[in-house]
Amino acid sequence: MNVILDTRESMKIALSAIIANKARGALTTLGIIIGIVAVTTTMTAFKGMQSSFQQAAGAVGADVVYVSRMPWITMNDFFSFRNRPNLNLEEAYKLEAAFEGRAIVSPNIDTRRDLRFRSKTLDAIPVIGTTEKMPIITNRMPEIGRFLMEFDVRYKKNTVVLGQEVAEDLFGQTSPLNKEINIGAYRFRVAGVLEKQGGSTLGGPNFDRQVFIPISTFVKAFGGRRFMDVDIAVKASKMSDLSELEYEVIGEMRKIRRLKPAEDDNFSINKLDSLLGAFNSVVGAVLAIGLLVTSISLFVGGIGVMNIMFVSVTERTREIGIRKAIGAKRRSILMQFLFESAVICMAGGFIGIAIAAGITAIINKLDLMPASLSPGIMVAAVVISALVGIVAGIVPAYKGARLDPIEALRYE
Amino acid sequence: MKNNNPKSAVLELRDVVKTYEMGNEQVHALSGVSLDIGENEYVAIMGPSGSGKSTLMNIIGCLDVPTSGSYSLGGEAVANKDESDLAEIRNRMIGFVFQTFNLIPRADILHNVELPLIYGGMAKAERRVRAERALEQVGLADRMKHKPNELSGGQRQRVAIARALVFNPSIILADEPTGNLDSRTGDEIMQMFDDLHTEGQTIILVTHEDHIAAHAHRSIRLRDGKIESDVLSADELLSDSYLGPLPAEYEVGAANVG
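Model, not experiment: these values are computed from the prediction.

Trainee: Outline the overall build of chain A, listing residues and values.
Mentor: Secondary structure assignment for chain A yields 13 helices and 10 strands. For 412 residues, the compact-globule estimate of 2.2 N^0.38 gives 22 Å, and the C-alpha radius of gyration of chain A, at 32 Å, exceeds that figure by more than 25%. Pairs at least 24 apart in sequence give 82% of the contacts found in chain A among residues at least 6 apart.

What follows is the structure, given as structure tokens:
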């Protein structure tokens, strides 16, 4: 028998059966809709978190190696790093000298201070001491005004560049350029405002809620020598292999610190990759749990479909008898009911996707995170709903297909 | 009880036995039925309820298989076929007409008539032509897009007949075809069977009503799972087809014995 012909007939029967029982079909579909909305929204949220993170991580720079005292991600090995010496500015300048002409080296150091402009105060804003090279390393440009210049650093100027959010909170609509603000006990003149970085929804660092001052000024104003711990950013001036740069930095740092070959490094090399890896394993676990929980709702929806398919098979016992009497084989009956449950579930899938798209739009409107319903998720949702339909339909369909035609014809 | 019908047999049953298990008891629905039905015969199977006529109809219709004995339809042995093969035989060789019409309620009547062809794997265009022709034959060409519940009982039974005919089956098997119809409509339906027989169709009626059985040219009576009688009607006994041509020398006027 012709399979395509069979399929078309099965499809037609399935549709007419669903149309004949609209209310029932709608209720059954509702279970699947809820399941699909839950699953797709979870996946969308995951994608949103990921791209939000990547956006924020842009400020770290994908081609930059950071030398720090501690690794960014510590598991339970924190205590083994506890006795490491701080990185100081002299070491940073030595590293800069070693990479002269080959790489851009910029030391950074940070603390938190209250900011004040006239009567407005912002508490505990991260204040970062850096050099004029920071925009090159992190690809962050000023939106208005300028960034720190070489002379700001050299002459320890009280110059500050604001993150977008800080500028908004302190100055509102008025221009902050050349205004003077207080950082802790010191007065600084605003030279510029950085463009918006975004992507700070996850409780990670908010790159728009920072201010930047020359590192030399920082040391003079806030740097009790004992607490100084510098991060050194190294970016290869030509796009070379990042791991090669990493090895060179390690070598130079060991030289600067005069480490013997047998000694372990007493500093850490950090880069975006290690951050991404940690992020992905955490969020991956969250996603796995989320999908597990949401698939339970899909599973419950599937049980609803199975239930309704049993009812449908029983109701149409006589019809099955008629079809068998005039020549339908088991396979044809099986297909008919499988199609019916697959169609119910796929309809649920499509409606679920539409609703999930609505939710995604709302998330974006509220600016919670850069959520997007990707085509991949949509295709997955349709395929999953069809699979749920087939799995839920197989037992009822098999029951129908196995009916004895004589008994089925006698059924009232 | 052997029937000496000279026509070639469409179906042959030999010592067909059917037993059902009912709890611990064995019920003999058929206990040794042998029967030949030839091409273009018009047969009524009769008997009171419990006589085994439904069981015999199910076996003839390939809806069921005998416990023992042999059954061949169109020269092919049916007794040991599996479900899928039986479905195919029903599809190609048997046209069912039921007491309760048994149309698919949600499908229009054209689709109902097309259904055997769909399960037979026929292409759409040819299917459509055949189904329309069958509906014309039963006088319902103008109702093709109607649903069964928009038709009268007689019209529904005509749709069922069209569906039975559409694949040119070897036999039409009608189970109490007038049981749900008033007598006038019933007569119309029987007239339709008579016409089909005249056109060469082999027809088997299962009925308990004598006046319906009277349309047939041969009636087989069952009692307690056995054939009680198998008689040809008087008309049939005298018909040309039964007697066949006489040898030339016995024809009237041929005997020029000097």
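Trainee: Explain the overall build of chain B to me, using residue names and the numbers behind them.
Mentor: In terms of regular secondary structure, chain B is built from nine helices and 10 strands. Burial status across chain B gives 43% buried among its 258 residues. Taking all contacts inside chain B whose residues are at least 6 apart in sequence as the whole, residues at least 24 apart take part in 68%.

Trainee: Tell me about the sheet that holds strand E5 (residues 76–77) of chain B, and please be specific about residues and values.
Mentor: Across a sheet, paired strands are connected by hydrogen bonds in the backbone, their directions being either parallel or antiparallel. All names here are of chain B. Strand order in the open sheet formed by four strands is E2-E1-E4-E5, with antiparallel pairing between adjacent strands. Sheet topology places strand E2 (25–38) and E5 at the edges, where each strand pairs with a single neighbour. When strand E4 (residues 68–73) meets E5, the two strands line up antiparallel, connected through two bridges. Counted as the bridge partner of serine 72 is alanine 77 from E5.

Trainee: An account of the interface of chain B and chain A is needed here, citing residue identities and associated values.
Mentor: The parts lose accessible area when they come together, and the size of an interface is often stated as this lost area. The partner chain A presents 18 residues to the 20 residues of chain B that form the contact. Contributions of two or more residues to the side of chain B that touches chain A are made by helix H2 (83–93) and helix H3 (109–119) of chain B. With six residues, the single largest contributor to the side of chain B that touches chain A is H2(B). The residue makeup of the side of chain B that touches chain A, split by class, is eight nonpolar, six polar and six charged.

Trainee: Can you lay out the environment of A:Ile33 for me, pointing to particular residues and giving the numbers?
Mentor: All names here are of chain A. Its location among the elements puts isoleucine 33 in helix H2 (residues 22–57). With 24 C-beta atoms packed within 10 Å, isoleucine 33 lands in the buried category. As a C-alpha pair, isoleucine 33 and glycine 349 span 316 residues in sequence and 6.0 Å in three-dimensional space.

Trainee: Pulling in residues and values, what's your account of the packing of H2(A) against helix H11 (residues 330–365) of chain A?
Mentor: Residues and elements named next belong to chain A. The contact between H2 and H11 brings their axes to 7 Å, and the two run at 45 degrees. Taken together, H2 and H11 sit at an angle that is classed as oblique. In the crossing of H2 with H11, the sense of the turn from one axis to the other is right-handed. Among the residues forming the contact of H2 with H11, the class breakdown is 13 nonpolar, 11 polar and no charged.

Trainee: Lay out the sheet that holds strand E10 (residues 226–232) of chain B in plain terms, naming residues and giving numbers.
Mentor: Residue and element names in this part refer to chain B. Read from one edge to the other, the open sheet built from six strands follows the order E6-E7-E8-E3-E9-E10, with strand pairing classed as mixed. In this open sheet, the two edge strands, each paired with only one partner strand, are strand E6 (94–97) and E10. With strand direction ignored, the average angle separating the axes of adjacent strands in the sheet is 20 degrees. Here four bridges tie strand E3 (residues 42–46) to strand E8 (residues 202–206), and the two strands are oriented parallel to one another. What sits directly across from tyrosine 42, in E8, is isoleucine 203. Against the sheet, helix H6 (residues 183–198) makes contact with E3, strand E7 (171–175) and E8, and its axis sits at roughly 150 degrees relative to E8, the strand it touches most.

Trainee: For the environment of A:Phe267, give the residues involved together with the corresponding values.
Mentor: All names here are of chain A. Here phenylalanine 267 shows up in the loop between helix H8 (242–256) and strand E10 (268–271). Residue classification places phenylalanine 267 among the buried residues on the basis of 24 C-beta atoms within 10 Å. When the C-alpha atoms of phenylalanine 267 and arginine 69 are compared, they prove to be 4.7 Å apart, with 198 residues separating the residues in sequence. Setting aside residues up to four positions removed in sequence, phenylalanine 267 forms contacts with Val67, Ser68, Arg69, Arg84, Leu87 and Met253.

Trainee: Tell me what's going on with unusual backbone geometry, and back it up with residues and numbers.
Mentor: Most peptide bonds are trans, and most residues other than glycine sit at a negative phi. The phi torsion at A:Arg118 lies on the positive side, around 50 degrees, for a residue other than glycine. Considering the arrangement of structural elements, one finds A:Arg118 in the loop between strand E2 (103–117) and strand E3 (120–130). C-beta crowding within 10 Å serves as the criterion here: with 11 such atoms nearby, A:Arg118 is assigned to the exposed category. Here the phi dihedral of B:Asn40 falls at roughly 60 degrees; this positive angle occurs in a residue that is not glycine.

Trainee: I'd like to hear about helix H7 (residues 215–222) of chain A, residue by residue, with values.
Mentor: Residues and elements named next belong to chain A. Buried within H7 are the following residues: Ile215, Thr217, Phe218, Ala221 and Phe222. Down the axis, H7 shows its buried residues gathered within 150 degrees of arc, on one side only. Where H7 is buried, its residues meet E2, E3, helix H5 (150–154), strand E7 (186–194) and strand E8 (211–214).

Trainee: Can you tell me about the pairing of E7(A), naming the residues and giving the values?
Mentor: Residues and elements named next belong to chain A. Taken together, the three bridges between strand E4 (residues 142–145) and E7 define a ladder with antiparallel strand orientation. Within E7, the residue paired with isoleucine 144 across the bridge is valine 193. Strand direction decides the pairing type here: strand E5 (residues 159–162) and E7, joined by four bridges, are parallel. Bridged to valine 160 within E7 is valine 190. Sheet topology places strand E6 (residues 180–183) next to E7; four bridges connect them, and they run antiparallel. Paired with glutamate 180 across the bridge in E7 is arginine 189. In sequence, E6 turns back onto E7 through a hairpin of two residues, with glycine 184 there showing a positive phi of about 60 degrees.

Trainee: Can you lay out the packing of H11(A) against helix H12 (residues 375–401) of chain A for me, pointing to particular residues and giving the numbers?
Mentor: All names here are of chain A. Where H11 contacts H12, the two axes come as close as 7 Å, and the packing angle between them is 150 degrees. Considering their axes alone, H11 and H12 lie roughly antiparallel with respect to each other. Considering how the two elements wind past one another, H11 and H12 form a crossing that is right-handed. Classifying every residue of the contact of H11 with H12 by side-chain character gives 21 nonpolar, eight polar and two charged.

Trainee: Explain H11(A) to me, using residue names and the numbers behind them.
Mentor: Along its 36 residues, H11(A) runs 52 Å from first to last C-alpha, staying within 8% of the 52 Å computed at 1.5 Å per residue. Backbone geometry just after H11(A) places A:Asp367 at a positive phi near 60 degrees.

Trainee: Let's hear about the nonpolar core: which residues, and what values?
Mentor: Counting 118 residues, the largest nonpolar core has B:Ile45, B:Ala162, B:Ile204 and B:Leu205 as its most contacted members. Here this core takes 13 residues from H11(A), the largest share from any one element.

Trainee: Just give me the short version of the confidence of the model for chain B, but keep the residues and values in it.
Mentor: Residues and elements named next belong to chain B. Of the residues in chain B, 88% have a pLDDT of 70 or more, and the chain-wide mean is 88. Contacts of residues 1–6 to residues separated by more than four positions or lying in other chains number seven contacts, the stretch itself having pLDDT below 50. Quick note on the complex model: pTM equals 0.73, ipTM equals 0.87.

Trainee: Let's hear about the environment of B:Glu76: which residues, and what values?
Mentor: Mapped onto the secondary structure, B:Glu76 falls in strand E5. Separated by 11 residues in the primary sequence, B:Glu76 and B:Val65 have C-alpha atoms spaced 14 Å apart.

Quick notes on the rules
Residues numbered from 1 in each chain as written. Chains lettered and ligands numbered in written order. Predicted model: local features only at pLDDT ≥ 70, side-chain atom pairs only at ≥ 80, totals over all residues. Helix = DSSP H or I, 4+ residues; strand = E, 2+ residues; numbered from the N terminus. Rg over C-alpha atoms; globule rule 2.2 N^0.38 Å. Contact = placed C-beta atoms within 7 Å. Buried ≥ 20, exposed ≤ 12 C-beta atoms within 10 Å, placed from the backbone. Pairing = 2+ DSSP bridges. Nonpolar A, V, L, I, M, F, W, Y, C, P; charged D, E, K, R; others polar. Axes fitted to C-alpha atoms, helices over the stretch in contact; angles between N-to-C directions. Parallel < 35°, antiparallel > 145°, perpendicular 65-115°, else oblique. Left-handed = near helix turned anticlockwise from the far one by under 90°. Arc of directions from axis to C-beta. Expected span 1.5 Å × (residues − 1). Core = buried A, V, L, I, M, F, W, Y, C linked by C-beta atoms within 7 Å. pLDDT = per-residue confidence, 0-100.

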